[in-house]
Amino acid sequence: QKNGVSNGTLYKKTFIEHFEQAPMYVAVLTFLGFGVGTIFGYLRDFMRAWGLEKRHIAAEREQQKDFVPLYQDFENFYTRNLYMRIRDNWNRPICSVPGPQFDLMERVTDDYNWTFRFTGRIIKNVINMGSYNYLGFAETDVNALKTVTIELQKYGTGICSTRQEMGTLDKHVELEKLVAKFLGVEDAMVFGMGFATNSMNIPALVGKGCLILSDELNHTSLVLGARLSGATIRIFKHNNMQSLEKLLRDAIIYGQPRSHRAWRKIIILVEGIYSMEGSIVRLPEIVSLKRKYKAYLYLDEAHSIGAVGATGRGVVEYFGMNPDDVDVLMGTFTKSFGAAGGYIAGKKDLVDFLRTHSHSAVYATSMCPPVAEQIIRAMKCLMGQDGTTQG
Amino acid sequence: VQEKEELIEEWQPEPLVPPVPKDHPALNYNIVSGPPTHIITVNGKECINFASFNFLGLLDNEKVKTAAQASLKKYGVGTCGPRGFYGTFDVHLELEERLAKFMKTEEAIIYSYGFATIASAIPAYSKRGDIVFVDEAACFAIQKGLQASRSNIKLFKHNDMADLEQLLKEQETEDQKNPRKARVTRRFIVVEGLYMNTGDVCPLPELIKLKYKYKVRIFLEESLSFGVLGEHGRGITEHFGINIDDIDLISANMENSLASIGGFCCGRSFIIDHQRLSGQGYCFSASLPPLLAAAAIEALNIMEDNPDIFRTLRDKCERIHKALQGISGLKVVGESFSPALHLQLEESCGSRENDVKLLKRVVDYCMNSGIALTQACYLEKEEKCLPPPSIRVVVTVEQTEQELDKAASLIKEAAQSVLN
């Protein structure tokens, strides 16, 4: 099935996304596989309960055996029987920089993935197609990391204080100004962790009586932030503008459920690039919908900042739009910039409000200085301010 | 259809953010130039640092910095991936092993942000329909974790074991009415070792007794007490001499004593292993940058090699606690061995805003004379039980006796001049 261009005049370039539909036999075989796995799971559980097979999984303490069990039997069914068989695909430790090639630690299992043992051998120069190192800033070149090394020596590694108390360093101010300039907005604020940026700022922006329209495939951090805020959440089909428009119309016409009072605010949560599907948000259509129905747009550019667009400014640039169209621009520094942390950018009132009311500013530590320096140098390189044309 | 179009035209949303007054205290925050170590440069003025939680003075330690530099050369800065997809480095595994060994538990798990540690750990175990008994003075991260878990929350008065027992008894009578439901409802008590909001410790031995009597599990949050209490810095379990297996989960953040960033949970494998698949801040977020993990390992080494710094820290806390007694207008809140004390106004002047302004004048007086203090900041509308406004005084091992005495006398002076 091809998703074609629905409103050609909004898009400056053609926008074609291909999503292959899985052929029927693959779907049937997958379900059969799950079925067989489940039957074997029940068989094994039966054998374990009757002592015919050894229990590998950790058990509750003797003294606490008469407490209410911590995990329901069924919750762990999937983990015990299906996940354990293929567990060695994930969580593989590496022992070098996650650059284009890295060194993998060899890991074997003697008892079918219940425990792992490191043989001590290191597999060198494995080609890396797994880390989110889009622009290659995860490097150990001494010249590149010169400023980071200096800052680490000067500042140390920790902060030991929150933003509002004693944790705002001059580095943070410098970084925020740079981020604002990079994105072309008025002001920005940085936080120590990308996941926490979403889960702590969405509750600050919306509350009870507001409506959140979120895409089907939004990341857990967005979902958690939406749930913690206490607003009503409605989900629209992935990248489907008709579904979104219908929800918007119904929301404004019928108001809040039961009381039919008008909603205080409507906010649309979308991501720039969806990590699970690989699809790009249809930004021009969403912006036109948002203008028509007076909703607010929150764009999470975790994967797309730095990677998409002619000069790396994200999906806003990719579609040739103005950053002022999006009300809240959010992103993380983990993927393209090779560091850690997140930011929120937008108009000055928005950022001032977040400086005073964000949960992270009051209760969580700020970003650590060497990491901030890494982001500064990466951004300067992208903006061409470091004198080279590498960016 | 005409009506619908009209409705759409007429609807006006609230502005995205309400306007913030220009003189809001949080907008004019202190900018620190240079590292936040013992001598800190705030807003251009050099002061002695009594505000950062740098209890063991490891923020400026050369060995820690060297270890971080070595790790920087080897691994770069970021990990570019969550733990599941090639974001697990050998330093992470080493740090988890070291922490488990240090705390004498079976396993430990690391998070990349201190706030996310307890806020992800609680919802991994406690779901809708379970019951959690939590202290009133629990910190905000715990409150967010409880909110995300959607369990039934029962607050008991701060450190009041009688109140807790009352609630547990009530729960027991409820259980008798519906035994089938009771058999599947999990029960938890969430307490902090050293409370951030009040500076006192929780009565852990009584809690253990209640645990076995009423069959509830205990989650202990040791952000302030890790690296502070106990003979070797193992926290409140060592302080009271309790077997660590009695506590189901200990969660702490490495941002206070270990002068790094991130957090960890430790306990038995039975409990910790579950978080590797269901801890949201663990599975869906990038892992801790390796230079911070290396710094934490080095900090642990230092803690293990010099167990007498804990004794020194405790002595300094007692000293300043004694020195700050008897200031007119301010009362000291917190245990004598707690390194983070609060100074609250003895009599409030009516509204919280005025109290905050008054305390700010005290803080400004001290800052102008070379002692950096801070007010404890809270989000007024979001906290369940808002503590009264206070000034936080933090004691670190690096402060000398003269500095402690100077700080105490300066605070006395400030209180005299501002409050009288």
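Here the structure is a predicted model, which is why all the values come from computation and not from measurement.

Q: Please explain the overall build of chain B as it appears in this structure.
A: Of the regular secondary structure elements, chain B holds 15 helices and 16 strands. The C-alpha atoms of chain B give a radius of gyration of 23 Å, which matches the 22 Å a tight globule of 420 residues would have. Once the C-alpha set of chain B is aligned to its principal axes, its extents read approximately 65 × 65 × 50 Å. Sequence-distant contacts in chain B: of pairs separated by 6 or more residues, those separated by 24 or more amount to 68%. Carbon and sulfur atoms form 50% of the exposed surface of chain B, whose accessible area is close to 15,800 Å². Looking at chain B, you have 47 positive and 58 negative side-chain charges, and the mean spots of the two groups are 4 Å apart.

Q: Whenever I open this one, the pattern of salt bridges confuses me. Can you help?
A: Two side chains carrying opposite charge are able to pair once their charged atoms lie near each other. On inspection of all chains with the given rule, the structure shows 33 salt bridges over all chains. One salt bridge connects R291(A) with D325(A), and the closest N-O pair in it is separated by 2.8 Å. Of this pair, R291(A) sits in helix α8 (residues 283-293) while D325(A) sits in the loop between α9 (315-318) and β11 (328-332), and the two are 34 residues apart along the sequence. Taking relative accessible area as the criterion, R291(A) reaches 52% and is therefore assigned exposed. R276(B) is the salt-bridge partner of D273(B), the closest N and O atoms lying 3.8 Å from each other. Of the two residues, D273(B) and R276(B) both sit in helix α10 (residues 269-278), three residues apart, roughly one turn of that helix. The class for D273(B) is partly exposed, based on a relative accessible area of 35%. Among the ionic contacts, a cluster of salt bridges with common partners joins R83(B), E96(B), E107(B), D273(B) and R276(B).

Q: Before we go on, may I ask you to explain the environment of S149(B) in this structure?
A: Residue and element names in this part refer to chain B. If you trace the backbone, S149 turns up in helix α5 (residues 140-149). What makes S149 buried here is its relative accessible area of 5%. Between the C-alpha atoms of S149 and V132, which are 17 residues apart in sequence, the distance is 10.0 Å. Excluding residues that lie within four positions of it along the chain, S149 makes contacts with P123, S126, K127 and R128.

Q: Just checking my understanding: could you explain the side chain of R107(A) for this structure?
A: Residue and element names in this part refer to chain A. One can find R107 in strand β4 (residues 101-108). For R107, the side chain forms a polar contact with the main-chain oxygen of N91, separated by 3.2 Å. Ignoring any residue separated from it by four or fewer positions in sequence, one finds R107 in contact with R87, D88, W90, N91, R92, P93, F116, R117 and F118.

Q: Looking at this structure, I do not really get the UniProt feature "transmembrane region" (unreviewed entry) in chain A. What am I missing?
A: Within this structure's numbering, the places UniProt gives as "transmembrane region" (unreviewed entry) are residues 22-43 of chain A. The span residues 22-43 of chain A shows a helical share of 91% and a strand share of 0%, and its end C-alpha atoms are spaced 31 Å apart.

Q: Before we go on, may I ask you to explain the interface of chain A and chain B in this structure?
A: Think of interface size as the accessible area that goes away when the parts come together; that is how it is often given. Tallying the contact residues gives 106 residues for chain A and 113 residues for chain B. The junction of chain A with chain B conceals about 9,900 Å² of combined surface from both sides, 64% of it contributed by carbon and sulfur atoms. Three residues, E165(A), M166(A) and Y363(A), lead the burial of chain A against chain B; their summed loss comes to 9% of the area buried on that side. At the junction of chain A and chain B, the tally comes to zero salt bridges. Summed over the shared surface of chain A and chain B, the result is 16 residue pairs in polar contact (both at pLDDT 80 or more). Looking at which element gives the most residues to the side of chain A that touches chain B, the answer is helix α10 (residues 348-357) of chain A, with seven residues. Residues belonging to the side of chain A that touches chain B are distributed by class as follows: 56 nonpolar, 32 polar and 18 charged. With two bridges joining them, strand β3 (residues 93-94) of chain A and strand β4 (residues 88-89) of chain B adopt parallel strand pairing. Opposite P93(A), over in β4(B), you have T88(B) as the bridge partner.

Reading the values: rules and limits
Residues numbered from 1 in each chain as written. Chains lettered and ligands numbered in written order. Predicted model: local features only at pLDDT ≥ 70, side-chain atom pairs only at ≥ 80, totals over all residues. Heavy atoms only, no water. Helix = DSSP H or I, 4+ residues; strand = E, 2+ residues; numbered from the N terminus. Rg over C-alpha atoms; globule rule 2.2 N^0.38 Å. Contact = heavy atoms within 4.5 Å. Areas by Shrake-Rupley, 256 points an atom, 1.4 Å probe, with all protein chains shown as cover. Lys, Arg positive; Asp, Glu negative; His and termini not counted. Charge placed at Lys NZ, Arg CZ, Asp CG, Glu CD. Salt bridge = Lys/Arg side-chain N within 4 Å of Asp/Glu carboxyl O. Buried < 20%, exposed > 50% of the residue type's maximum accessible area, 1.4 Å probe, protein only. Polar contact = N/O pair within 3.5 Å; in protein donor to acceptor, adjacent residues only side chain to side chain. UniProt positions renumbered as here; feature names shortened; annotations may be inferred. Buried area = accessible area lost by both parts, 1.4 Å probe. Nonpolar A, V, L, I, M, F, W, Y, C, P; charged D, E, K, R; others polar. Pairing = 2+ DSSP bridges.

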